[in-house]
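Chain residues, written in single-letter form:
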Amino acid sequence: MTMRVSIKDQYIDKFENFISTLPSDAVEVDTIDDNTISFEQAQLKVQKAINNISNNQGLDLDIAFEKVANC
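Calculation criteria
- Residues numbered from 1 in each chain as written.
- Predicted model: local features only at pLDDT ≥ 70, side-chain atom pairs only at ≥ 80, totals over all residues.
- Heavy atoms only, no water.
- Helix = DSSP H or I, 4+ residues; strand = E, 2+ residues; numbered from the N terminus.
- Rg over C-alpha atoms; globule rule 2.2 N^0.38 Å.
- Buried < 20%, exposed > 50% of the residue type's maximum accessible area, 1.4 Å probe, protein only.
- pLDDT = per-residue confidence, 0-100.
- 1 Å grid on protein atoms, 1.4 Å probe; cavity = no way out; pocket = protein on both sides within 12 Å on 5 of 7 lines; lining within 4 Å.
- Points joined across faces, edges and corners; volume = space filled by probe spheres on them.
- Nonpolar A, V, L, I, M, F, W, Y, C, P; charged D, E, K, R; others polar.
- Patch = residues over 30% accessible without salt bridge, like charges linked within 9 Å, V, L, I, M, F, W, Y side chains within 5 Å.
- Areas by Shrake-Rupley, 256 points an atom, 1.4 Å probe, with all protein chains shown as cover.
- Salt bridge = Lys/Arg side-chain N within 4 Å of Asp/Glu carboxyl O.

Overview of the overall build of the protein chain
Each helix and strand counted, the protein chain has three helices and zero strands in total. Put simply, the protein chain runs from its N terminus to its C terminus through helices and strands in the order α-α-α. By the compact-globule yardstick of 11 Å for 71 residues, the protein chain is too spread out, its C-alpha radius of gyration being 20 Å. The dimensions of the protein chain, computed from C-alpha atoms along their principal axes, are 55 × 25 × 20 Å. Across the 71 residues of the protein chain, 3% fall into the buried class.

Concerning the confidence of the model for the protein chain
Summary statistics for the protein chain give a mean pLDDT of 81 and a share of 92% for residues scoring 70 or more. For the protein chain, the element scoring lowest by mean pLDDT is helix α3 (residues 61-69), at 76; helix α1 (residues 12-20) scores highest, at 92.

Notes on the layout of surface pockets
The calculated volume of the largest pocket comes to roughly 950 Å³. Along the walls of the largest pocket sit 22 residues, with Met3, Val5, Phe15, Val29 and Asp30 positioned nearest its centre. Residues that form the lining of the largest pocket fall into these classes: eleven nonpolar, four polar and seven charged.

Observations regarding a nonpolar patch on the surface
On the surface, a nonpolar cluster with roughly 320 Å² of combined accessible area is contributed by Phe18, Leu22, Val27 and Val29. Topologically, Val27 is positioned in the loop between α1 and α2 (39-53). By relative accessible area, which is 34% here, Val27 ends up partly exposed.

Structure, rendered in structure tokens:
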């Protein structure tokens, strides 16, 4: 079974201590990149970018593509 569990920073040590009490093959922990955003956050960013097109605001297209390519 796969689960996603979010742990508040203040409880990470307690969580790690708890996990260490389980058999070594019982749990596999993978960290997830904190730079990920939810679909809703992405949707808001795109909408904001679209709304600013008519205001001639934002990055030059070449710079935007360069930033995306370097991620």
